[in-house]
Amino acid sequence: MRYQDLSYWLSSLDGPLTPRPGLPGDTDADVVIVGAGYTGLWTAYYLAGADPALRIVVLEKEIAGYGASGRNGGWCSALFPTSLPALARRHGRDRALAMQRAMRETVGEVGRVADAEGIDCDWRAGGTVVLARSEVQLGRARAAVAEAREHGLDDADLVLLDAAEAAARCHAEGVRGGTYTPHCAAVHPAKLVRGLATAVERRGVRVFERTPVTALRPGTAVTPAGVVRAPVVVRATEGFTPALPGQRRAVAPVYSLMVATAPLPEATWAEIGLAERETFSDYRHVIIYGQRTADGRLAFGGRGAPYHYGSRVRPDFDREPRVFAALRRVLGELFPVLGPEVPVTHTWGGPLGVARDWAASVGLDRSTGLAWAGGYVGDGVGTSNLAGRTLADLIRGEQTDLTTLPWVNHRSPRWEPEPLRWLAVNAGLKVMFSADEAESRTGRPARRAAAFSHLLGH
Ligand SMILES: Cc1cc2nc3c(=O)[nH]c(=O)nc-3n(C[C@H](O)[C@H](O)[C@H](O)COP(=O)(O)OP(=O)(O)OC[C@H]3O[C@@H](n4cnc5c(N)ncnc54)[C@H](O)[C@@H]3O)c2cc1C
């Protein structure tokens, strides 16, 4: 397998993806981080910035950006997998709003660091437009805005668009309205993660690639090349976590798949819009997401690939021809200007981590020195930065505004053993697909889908 083939993004980088050297042998460190995606690298970045004397080692089984961080849709958003009302119910309104505020600030923080570190990741803070293409979807758009208002958010956070306003941003077929939030930037995800790996090395962090961790224990990360001993061990393996011993039921790996078109002519863009490179989606149940790339392509993805028995993660699961065909069809429905043969040049996918209660979390167990972050349910581009800053504070024993946020040290329950897990996740997928089909057939909302909406929605 060539790393370039893992995503359009990795294939479009300048220069080869030559792996860094692996771990040379047994090593001592202050902090060892397992996984060189955004979570691991942001953690290393902020830790090294706060205390340059810390000896930090990152162990990556392939190369930095091999996982979802090198393959995602490039929405650096303020979306958090637990909704504001659900957070408010669990933790109170003030803490829920603090979480939301922290997420909004995170979008700017990622942009600022990219700028400061000279990471040219095609950053464009154009916001997100979510389209409503039926009466039912329009109802959801109105409800989303009403819910935001109830929690004190105003038009500067989320605004309802009428048909003309929505179409002016994204001229998809049959648009009846939608919502717009400015709190999102479109990024080239692989440029961000690869740039970040270089930035942490500049800060003195040692990144070892092609170094799989086979066991994680208090004080120790074990690899075939040697053992790293450190009082703090950070698990930053997200959708790959179930492959680690003892972690099979920690998160369920759910696959998200993407396609990218060839660069589109200016005349086509004049019809589609997305002039600010707004990221876009619509109010259906099974999430779709897209962005106009800096080089003029549509990069477009969706959930809906099956969950695999036993939480297995394998390279061939990244490719599901049925889902690629569906994505291509939906893209053609949204933008008929693409013609009957939507010019898709790249297809790829990858796993993301879903905790049993759909709650992302970040934490450090002081008694064992084991730390973790993840379970972002597909909202990890921004959230992983907040996780990295929070882990840096927790590991350094600092009490800050970040360490009191409601997701800190949250413990999600474990997933059910198989076959229950397989039955539940795939049944959820099926309900959501049928709900979308039923809604477009009958024009009425499919209520049963609400119970599962978190599984596939943001
Ligand atoms: C197709 C797709 C589209 C997405 N779109 C978006 C989006 O638009 N916006 C958004 O916010 N989120 C999106 N996400 C989710 C987002 O990409 C992830 O939440 C985020 O990248 C997670 O970062 P991470 O560092 O926690 O995990 P990853 O990037 O998955 O990194 C984990 C790393 O750990 C390594 N690893 C695993 N096991 C071991 C081991 N035993 N030893 C050593 N290393 C190990 C892996 O090789 C990998 O490099 C998407 C995900 C996918 C798959």
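Rules of the game
- Residues numbered from 1 in each chain as written.
- Predicted model: local features only at pLDDT ≥ 70, side-chain atom pairs only at ≥ 80, totals over all residues.
- Heavy atoms only, no water.
- Buried < 20%, exposed > 50% of the residue type's maximum accessible area, 1.4 Å probe, protein only.
- Helix = DSSP H or I, 4+ residues; strand = E, 2+ residues; numbered from the N terminus.
- Pairing = 2+ DSSP bridges.
- Near = heavy atom within 4 Å.
- Polar contact = N/O pair within 3.5 Å; in protein donor to acceptor, adjacent residues only side chain to side chain.
- Areas by Shrake-Rupley, 256 points an atom, 1.4 Å probe, with all protein chains shown as cover.
- Nonpolar A, V, L, I, M, F, W, Y, C, P; charged D, E, K, R; others polar.
- Axes fitted to C-alpha atoms, helices over the stretch in contact; angles between N-to-C directions.

Trainee: Account for the pairing of strand β13 (residues 232–235), naming residues and giving values.
Mentor: Of the two faces of β13, the one lined by V232 and V234 and the one lined by V233 and R235 are each fully buried. Examined bridge by bridge, strand β2 (residues 31–34) and β13 share four bridges and lie parallel to one another. The partner of V31 across the bridge, within β13, is V232. In this structure, β13 lies alongside strand β20 (residues 370–374), joined through three bridges in parallel fashion.

Trainee: Which residues make up the site of the ligand, and what values go with them?
Mentor: By nearness alone, 35 residues border the ligand, and T39, E60, S69, V213 and G378 come closest of all. With respect to the ligand, the side chain of E60 contributes an N or O atom lying 2.6 Å from an oxygen atom. In this structure, G380 approaches the ligand through a main-chain N or O atom, which is 3.1 Å from an oxygen atom. Protein contacts shield 98% of the accessible area of the ligand, which totals 1000 Å² for the unbound molecule. Residue assignment for the shell around the ligand shows that the elements contributing at least two residues are α2 (38–50), β14 (252–261), β18 (344–354) and α10 (380–395). Residue composition of the shell around the ligand, by class: 16 nonpolar, 14 polar and five charged.

Trainee: An account of the sheet that holds β13 is needed here, citing residue identities and associated values.
Mentor: In sheet architecture, strand pairing relies on hydrogen bonds along the backbone and comes in two forms, parallel and antiparallel. Taken together, six strands build an open sheet; the order of strands is β9-β3-β2-β13-β20-β19 and the sheet is mixed. Unpaired on one side and paired on the other, β9 (206–208) and β19 (361–365) mark the two borders of the sheet. Averaged over all neighbouring strand pairs, the angle between strand axes comes to 15°, with direction disregarded. Judged from the four bridges that link them, β2 and strand β3 (residues 56–59) form a sheet pairing that is parallel. Bridged to V34 within β3 is L59.

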